[in-house]
Every structure is written in C-alpha cells, then in structure tokens.
Amino acid sequence: IYAGSNSHSNRFIGNRFRDNTIAQYNPSYGDFIGDCFYDSEVLDNEFLPTNATVQVVLRGVSVFRNQGEDNSLRRQIPRGNITRGNTFDGYAIAVHIGSRHGRRIFYDITGEGLDYAFYNTIEENQILNTSIGIKINTDGNTVSGNQFTNVTEPIVLHCVFFSLKNTTINNQPNHAVRLW
C-alpha cells in the first residue's frame with residue numbers, strides 16, 4: 001500500500017502483506033509506505049515472512065516525507081498516525097519512522113536531508129524474527145507496549161543529525177533501546 005501526499009484519515013485494518021517490497025525485482029521502502037500521510041491508522045494487520053529468494057532489505061511499515069521527486073515537495077508531514085496491533089514476522093525493519101531522514105540526494109529540493117515524521121505512535125505490535133523491530137530517525141514519536149521475540153535490536157533511535165528529542169517510550173520493560 002502506498003499512502004501518498006494528502007492521504008489522511010484512513011484506516012487500514014486486518015490486511016495481510018507478503019513480499020510487497022519486491023516489485024519487478026526492485027526494492028521498495030516497505031510493504032506499507034506512508035509518504036506524507038497523516039491522521040491515519042494501520043491496525044491489526046499481518047506482515048508475513050517473505051517467500052522471495054531475492055536478497056533485499058524488507059521493511060514492514062515505512063513512514064517518510066517525499067523530498068522532491070518530480071520537482072514537487074510534499075507540504076504535509078507524516079504525523080498523527082497510529083500503528084497498532086499488527087504482527088510483523090521476518091523483516092529487516094518492522095516499523096521505520098523517518099526512513100529518509102539523513103538522505104542528501106540530488107532531488108532534495110530543500111537541501112536539508114530532513115524527514116519531519118513527527119507525532120506518530122507505534123504500540124501493542126508483535127514483532128518476531130526481525131533484525132530491527134522499531135527504528136525511529138525523527139523527533140517526537142511514541143513507542144508503547146510492543147512485544148519482541150527473536151529480534152536482534154528491538155528499538156533503535158537513530159540520531160542522524162546528532163539530535164533526537166521528545167521521543168516517548170512507555171511500557172517496554174526488558175527491551176533494549178539503542179542509540180545509533
């Protein structure tokens with residue numbers, strides 16, 4: 001699913017995802033891509049292990065702001081989204097907030113390399129057999145009550161520009177939080 005610019009107030013409930021990041025042998029940012037979507041919910045979905053033999057980095061949910069592809073910068077930021085009650089199994093990264101943060105590429109109209117994915121909530125998900133459970137690259141997001149089984153790095157806060165503020169982590173006892 002690609003929830004693009006100006007997509008808002010939507011609910012994605014009870015779906016099954018498998019191998020959606022491989023389209024014509026080209027990797028994608030995720031099975032569910034939130035490019036500047038806002039005030040939406042991703043609830044009670046299953047993100048299943050891959051059947052592909054192609055070696056790509058598989059991501060479940062990837063949230064970011066478009067940086068100016070086609071010479072058009074998205075004015076909205078991904079905000080107010082809730083990712084809750086989902087099951088992720090066998091991903092490199094289950095949920096990635098601000099996945100383009102820190103990328104300085106030729107079509108970045110602002111020249112900032114910033115993503116601005118703020119005020120999103122990732123809660124009560126089951127994450128299994130995954131390298132990185134939740135990776136957050138931007139300020140002001142909330143992580144709460146997620147369960148991790150056989151996950152190498154449950155929660156990663158990636159301080160791309162040496163600052164990551166106002167992140168809230170609740171109800172995650174005995175789960176490591178790494179600062180990168």
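These numbers come from a predicted model, not from an experiment.

### Some thoughts on the overall build of the protein
Okay, so step 1: Looking only at helices and strands, one finds zero helices and 18 strands in the protein.
Okay, so step 2: When each of the 180 residues of the protein is scored for burial, the buried share is 48%.
Okay, so step 3: For the protein, long-range pairs separated by at least 24 residues make up 69% of all intrachain contacts whose partners lie at least 6 apart in sequence.

### Focus on the environment of glycine 30
Okay, so step 1: As for its position among the elements, glycine 30 is in the loop between β5 (26-27) and β6 (32-35).
Okay, so step 2: Given a relative accessible area of 3%, glycine 30 falls into the buried group.

### Points about the sheet that holds strand β10 (residues 82-84)
Okay, so step 1: Read across the open sheet, the six strands follow the order β2-β7-β10-β13-β15-β17; overall the sheet is parallel. Looking at which strands have only one partner, the edges of the open sheet turn out to be β2 (11-13) and β17 (168-170). Here the average twist between neighbouring strands, direction ignored, is 5°.
Okay, so step 2: Where β10 lies against strand β13 (residues 121-123), three bridges are found, and the strand directions are parallel. Bridging from a neighbouring strand, isoleucine 82 pairs with threonine 121 of β13.

### A closer look at the pairing of strand β16 (residues 147-157)
Okay, so step 1: As judged from the eight bridges shared by strand β14 (residues 126-136) and β16, these two strands associate in the parallel manner. In the sheet register, isoleucine 127 faces β16, and the bridge partner there is phenylalanine 148.
Okay, so step 2: Examined bridge by bridge, β16 and strand β18 (residues 177-179) share three bridges and lie parallel to one another. From the neighbouring strand, isoleucine 155 faces β18, where its bridge partner is valine 177.

### A closer look at the environment of tyrosine 116
Okay, so step 1: Checked against the element boundaries, tyrosine 116 lands in the loop between β12 (93-97) and β13.
Okay, so step 2: Among the residues examined, tyrosine 116 registers a relative accessible area of 25% and is labelled partly exposed.
Okay, so step 3: For the pair tyrosine 116 and phenylalanine 64, spaced 52 residues apart in sequence, the C-alpha separation works out to 7.5 Å.
Okay, so step 4: When sequence neighbours within four positions are dropped, the list of residues in contact with tyrosine 116 reads Arg65, Ile77, Pro78 and Thr138.

### Observations concerning the packing of aromatic side chains
Okay, so step 1: The full count for this structure, using the stated rule, is seven aromatic pairs.
Okay, so step 2: Pairing phenylalanine 12 with phenylalanine 32 gives two aromatic rings, centres 4.9 Å apart and planes at 75°, and the pair type is edge-to-face. Taken together, the residues phenylalanine 12 in strand β2 and phenylalanine 32 in strand β6 connect sequence positions 20 residues apart.
Okay, so step 3: A relative accessible area of 0% places phenylalanine 32 in the buried class.
Okay, so step 4: With centroids separated by 6.4 Å and ring planes inclined at 85°, the aromatic side chains of phenylalanine 88 and tyrosine 91 adopt a geometry described as edge-to-face. Like phenylalanine 88, the residue tyrosine 91 is buried in the burial classification.
Okay, so step 5: Chaining the aromatic ring pairs together yields one cluster made of Phe17, Phe47, Phe88 and Tyr91.
Okay, so step 6: Positioned over the ring face of tyrosine 38 is arginine 79, at 4.0 Å from the centre of the ring.

### Regarding the pattern of salt bridges
Okay, so step 1: All told, the structure shown has four salt bridges when counted by the stated rule.
Okay, so step 2: Among the salt bridges present, the one from arginine 16 reaches glutamate 46, with a minimum N-O distance of 3.0 Å. Placement of arginine 16 in strand β3 (residues 16-17) and of glutamate 46 in strand β8 (residues 46-47) is noted, with a sequence separation of 30 residues between them.
Okay, so step 3: Where glutamate 153 meets arginine 178, a salt bridge forms, and the shortest distance between an N and an O atom there is 2.8 Å. Of this pair, glutamate 153 sits in strand β16 while arginine 178 sits in strand β18, and the two are 25 residues apart along the sequence.
Okay, so step 4: The class of glutamate 153 is buried, set by a relative accessible area of 17%.

Each value, and the rule that gives it
Residues numbered from 1 in each chain as written. Predicted model: local features only at pLDDT ≥ 70, side-chain atom pairs only at ≥ 80, totals over all residues. Heavy atoms only, no water. Helix = DSSP H or I, 4+ residues; strand = E, 2+ residues; numbered from the N terminus. Buried < 20%, exposed > 50% of the residue type's maximum accessible area, 1.4 Å probe, protein only. Contact = heavy atoms within 4.5 Å. Pairing = 2+ DSSP bridges. Axes fitted to C-alpha atoms, helices over the stretch in contact; angles between N-to-C directions. Phe/Tyr/Trp six-rings, centres within 6.5 Å; stacked < 30°, edge-to-face > 60°. Lys NZ or Arg CZ within 6 Å of the ring centre and 35° of its normal. Salt bridge = Lys/Arg side-chain N within 4 Å of Asp/Glu carboxyl O.

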